[in-house]
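Here is how the chains run, residue by residue.
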Amino acid sequence: MNPELLEILVCPETKQPVQLAPQDLLDRLSREIQAGRLRTRGGEAVTHPILEGLLREDGRVLYPVDDGIPVMLIEESIEV
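Predicted model, so just to flag it, every value in this text is computed and none were measured.

Engineer: Help me out: how do you make sense of the pairing of strand β2 (residues 53-56) in this one?
Structural biologist: Across a regular strand the side chains alternate sides, sitting on one face of the sheet and then on the other. Along β2, one buried face is formed by G53 and L55 and the opposite face, lined by L54 and R56, is buried too. By the bridge criterion, 3 bridges tie strand β1 (residues 18-20) to β2 in an arrangement that is antiparallel. Residue pairing across strands places V18 opposite R56, the latter belonging to β2. Linkage of β2 to strand β3 (residues 61-66), two consecutive antiparallel strands, is achieved through a turn of 4 residues, within which G59 is found at a positive phi near 75°.

So this is what it looks like as structure tokens:
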């Protein structure tokens, strides 16, 4: 992820800064996906692994990164 882009991105809901999600969190979410238990905040089931994500500063919400592009939509975010 481009460091300059990361510096200017914020959560669209709270305007908190975001940072790259740690691998242990991504691994935990992958287990939830495999078990069929992970949903977006919009209610859609997450069916593919999240290889990269941006974690809101408070650690409560993750925005997935798809092919290097951050998906900064509230309904596509995931509560962690």
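Don't stop here, the text continues.
Engineer: Just checking my understanding: could you explain the nonpolar core for this structure?
Structural biologist: Within soluble globular proteins, side chains that are nonpolar tend to cluster in buried spots. In this structure, A21, L25, L26, L29, I33, L38, V46, I50, L55, L62 and I78 together form the largest nonpolar core, which totals 11 residues. Per element, the largest residue contribution to this core is 4 residues, and it comes from helix α2 (residues 23-34). When neighbours within four sequence positions are excluded, I33 is seen to be in contact with L38, V46, T47, H48, P49 and I50. Within the second largest apolar cluster, 9 residues are counted, among which are L6, V61, V65 and M72.

Engineer: Can you help me understand the pairing of β3 in this one?
Structural biologist: Within β3, 5 of the 6 residues are buried, which leaves it mostly tucked inside the rest of the structure. Across 3 bridges, β2 lies against β3 in antiparallel orientation. Counted as the bridge partner of L54 is Y63 from β3. For β3 and strand β5 (residues 78-79), the ladder comprises 2 bridges, and the chain directions are antiparallel. Following the sheet pairing, V61 is matched in β5 by E79. Sheet topology places β3 next to strand β4 (residues 69-70); 2 bridges connect them, and they run antiparallel.

Engineer: Looking at this structure, I do not really get the pattern of salt bridges. What am I missing?
Structural biologist: Per the counting criterion, the structure on display carries 5 salt bridges. For R37, the salt bridge goes to E32, with nearest N and O atoms at 3.0 Å. Where R41 meets E79, a salt bridge forms, and the shortest distance between an N and an O atom there is 3.8 Å. Taken together, the residues R41 in the loop between α2 and β2 and E79 in strand β5 connect sequence positions 38 residues apart. Residue class for R41 comes out partly exposed when judged on its relative accessible area of 29%. Its relative accessible area of 56% is what places E79 among the exposed residues. In this structure, a network of salt bridges that share partners links the residues E13, R41, R56, D58 and E79.

Calculation criteria
- Residues numbered from 1 in each chain as written.
- Predicted model: local features only at pLDDT ≥ 70, side-chain atom pairs only at ≥ 80, totals over all residues.
- Heavy atoms only, no water.
- Buried < 20%, exposed > 50% of the residue type's maximum accessible area, 1.4 Å probe, protein only.
- Helix = DSSP H or I, 4+ residues; strand = E, 2+ residues; numbered from the N terminus.
- Pairing = 2+ DSSP bridges.
- Core = buried A, V, L, I, M, F, W, Y, C linked by side-chain atoms within 4.5 Å.
- Contact = heavy atoms within 4.5 Å.
- Salt bridge = Lys/Arg side-chain N within 4 Å of Asp/Glu carboxyl O.

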